[in-house]
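Residues per chain are reported as follows:
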Amino acid sequence: MYHLVVAQIDMEIYNTPSDHSQCKPLGKLLSVIIPTYNMQDYLPRCVQSLLSAHKRELLEIIVVNDGSKDNSLNIALGYAEKYPDSMVVVDKENANYGSCINAGINVATGKYIKILDADDCYDTGALDEVLCHLVDVDVDLVITDFVRVYANGKQSLKSYHLQPNTVLDYSQIRFQSEVFKLWMHSAAYRLDNLRKLNYHQTEHISYTDVEWTFLPMVTVNTAYYIKVPLYRYTLGREGQTVDPKVVAVKFGDNVKCTMSMIKSYVDFIMLGDKGAFEQDGFKFNNEENLEMLEKKLLRRIKTIYKFYLVKNRKIDLKELNEMDVLIKKVSPRLYSLSNQFVVSSPAFPYHFVHSWRKNGNSRRFNLMIMLYRLLKYHKL
């Protein structure tokens with residue numbers, strides 16, 4: 001259950017002076033979901049980076065409070081009271097990151113939808129430029145740059161080698177490495193497409209942000225690249241899920257997330273076989289989209305196997321075994337293709353998954369992994 005505070009449009013905001021006067025108010029163009037759990041120290045900066053936009057009348061800011069135990073909810077409600085034209089607050093029981101995305105999609109009204117983690121923020125100037133572009137853009141995917149901001153003050157820009165400010169045929173770019181590996185921070189989708197897909201992110205686990213650039217990509221027919229550093233991705237915060245110490249403890253959530261992605265992939269194929277996912281003349285499950293999903297999934301599956309079998313030799317393999325059984329059961333093709341995984345190509349072309357499945361306790365398997373670890377990590 002959740003409690004919803006819906007903002008009403010304040011028409012006075014349309015008269016706010018702006019350096020972007022060429023942009024005409026068209027209602028909510030961009031809905032931004034902010035998943036929030038115990039973020040009282042970061043949420044004000046996050047929300048203010050959106051509210052400071054000259055054209056915030058085009059924005060819908062959706063703060064989803066995931067059962068926070070600190071003052072996060074009160075902070076969000078305070079902003080909603082002060083900016084009723086821009087803010088929506090959803091207060092719900094704790095069910096982790098994916099549940100926040102699902103709740104946000106349910107209430108969103110913008111043409112496009114994007115995610116912003118509560119400990120991150122947007123570059124306000126870049127946001128104004130993005131909003132101005134969206135006034136005249138009608139595509140399925142909007143791509144923007146992001147900046148990694150480290151605790152020591154250093155920054156690094158993630159940009160894309162795409163032609164900016166023009167409608168791109170997604171079929172021509174989907175397998176380009178940087179588009180294929182698109183980060184969540186860079187992607188905004190047409191909201192209507194996600195609803196047609198009945199997109200639902202896995203709940204009660206962490207690391208489900210990777211799902212944002214998995215199944216939704218099959219809805220993309222056209223894309224548009226705006227070359228501005230919109231998203232500021234904070235790294236180095238204690239307790240952050242990308243902290244290596246946290247990753248080591250919670251890696252099981254990565255396995256569960258991957259299993260959910262495998263199931264959604266198989267379900268998607270089955271629905272396609274029944275003629276589903278063909279709307280408005282665009283077939284979501286065309287051959288290239290299926291190939292893209294398969295490649296994305298195999299890349300992630302390999303990462304899981306390598307973490308357990310190569311990088312962390314002393315870790316319990318219970319969760320890995322569960323995933324392996326699932327793959328064999330629901331997708332013989334994925335199972336067969338994963339047998340072809342090598343530890344490192346071309347330097348160490350050992351089929352480690354296939355060998356492990358045959359006999360993970362064999363002397364040869366253990367010697368080969370030990371040799372690779374000595375060469376790669378200089379340790380056993």
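You'll find the structure just up there.
Residues numbered from 1 in each chain as written. Predicted model: local features only at pLDDT ≥ 70, side-chain atom pairs only at ≥ 80, totals over all residues. Heavy atoms only, no water.

Asks: Help me understand unusual backbone geometry, please; the structure alone is not making it clear to me.
Replies: Residue Pro346 is bonded to the preceding Ser345 through a cis peptide linkage, with omega at 0 degrees. Inspection of the secondary structure puts Pro346 in the loop between helix H11 (332-338) and helix H12 (352-359). Despite not being glycine, Asn165 shows a phi value in the positive range, around 60 degrees. Mapped onto the fold, Asn165 is located in the loop between strand S8 (155-158) and strand S9 (167-169). Residue Asn165 is classed as partly exposed on the basis of its relative accessible area of 44%. (Helix = DSSP H or I, 4+ residues; strand = E, 2+ residues; numbered from the N terminus. Buried < 20%, exposed > 50% of the residue type's maximum accessible area, 1.4 Å probe, protein only.)

Asks: Teacher, can you tell me more about the side chain of Asn193 here?
Replies: Its place among the elements puts Asn193 in helix H7 (residues 191-196). For Asn193, the side chain forms a polar contact with the side chain of Asp140, separated by 2.9 Å. (Polar contact = N/O pair within 3.5 Å; in protein donor to acceptor, adjacent residues only side chain to side chain.)

Asks: Looking at this structure, I do not really get helix H4 (residues 124-134). What am I missing?
Replies: Residues lying three or four places apart along an α-helix face the same way, a consequence of the helix completing one turn every 3.6 residues. In terms of residue burial, H4 counts as a mostly covered element, since eight of its eleven residues are buried. For H4, the set of buried residues is Ala126, Leu127, Asp128, Val130, Leu131, Cys132, His133 and Leu134. Sitting at the head of H4, Asp123 places a side-chain oxygen 3.1 Å from the backbone nitrogen of Gly125.

Asks: Teacher, can you tell me more about the packing of aromatic side chains here?
Replies: Two aromatic rings are characterised by how far apart their centres lie and by the angle between their planes. Throughout the structure, instances matching the rule amount to 13 aromatic pairs. Ring geometry for Tyr79 against Tyr83: centres 6.5 Å apart, planes inclined by 25 degrees, an arrangement best described as stacked. A relative accessible area of 14% means that Tyr83 is categorised as buried. Taking the ring centre of Phe180 as reference, the NZ or CZ of Lys296 above it sits at 5.2 Å. (Phe/Tyr/Trp six-rings, centres within 6.5 Å; stacked < 30°, edge-to-face > 60°. Lys NZ or Arg CZ within 6 Å of the ring centre and 35° of its normal.)

Asks: Please explain the pattern of salt bridges as it appears in this structure.
Replies: The final tally for this structure, using the stated rule, is nine salt bridges. One salt bridge connects Glu288 with Arg174, and the closest N-O pair in it is separated by 2.3 Å. Here Glu288 is found in helix H9 (residues 287-311), whereas its partner Arg174 is found in the loop between helix H5 (170-173) and helix H6 (177-180), with 114 residues between them in sequence. When its relative accessible area of 36% is taken as the criterion, Glu288 is described as partly exposed. (Salt bridge = Lys/Arg side-chain N within 4 Å of Asp/Glu carboxyl O.)

Asks: What's the story with the side chain of Asp66 in this structure? I'm lost.
Replies: Relative to the elements of secondary structure, Asp66 occurs in strand S3 (residues 59-66). A polar atom in the side chain of Asp66 sits 2.5 Å from the side chain of Lys92. What Asp66 contacts, discounting residues up to four positions off in sequence, is Thr36, Tyr37, Lys92, Glu93, Asn94, Ala95, Asn96, Ser99 and Cys100. (Contact = heavy atoms within 4.5 Å.)

Asks: Just checking my understanding: could you explain empty space enclosed by the protein for this structure?
Replies: Picture a little ball the size of a water molecule; that probe, rolled over the atoms, points out where space is still empty. Tallied over the full model, the rule gives one cavity of 30 Å³ or more. As a volume, the largest cavity reaches approximately 50 Å³. Lining the largest cavity are Leu30, Lys114, Val130, Leu134, Val142, Thr144, Ser186, Ala187, Ala188 and Leu230. Looking at the lining of the largest cavity, the elements that each hand over two or more residues are H4, strand S7 (141-149) and strand S10 (187-190). Broken down by class, the residue content of the lining of the largest cavity amounts to seven nonpolar, two polar and one charged. (1 Å grid on protein atoms, 1.4 Å probe; cavity = no way out; pocket = protein on both sides within 12 Å on 5 of 7 lines; lining within 4 Å. Points joined across faces, edges and corners; volume = space filled by probe spheres on them. Nonpolar A, V, L, I, M, F, W, Y, C, P; charged D, E, K, R; others polar.)

Asks: How do you make sense of the packing of helix H1 (residues 43-51) against helix H2 (residues 72-82) when you look at a structure like this?
Replies: Interhelical geometry of H1 versus H2 gives an angle of 20 degrees and a closest axis separation of 10 Å. Relative to H2, the element H1 is oriented roughly parallel. Of the two elements, H1 crosses H2, and the hand of that crossing is right-handed. Contacts between H1 and H2 involve Leu43, Pro44, Val47, Gln48 and Leu51 on the former and, on the latter, Ser72, Ile75, Ala76 and Tyr79. (Axes fitted to C-alpha atoms, helices over the stretch in contact; angles between N-to-C directions. Parallel < 35°, antiparallel > 145°, perpendicular 65-115°, else oblique. Left-handed = near helix turned anticlockwise from the far one by under 90°.)

Purely geometric numbers; function is a separate question.
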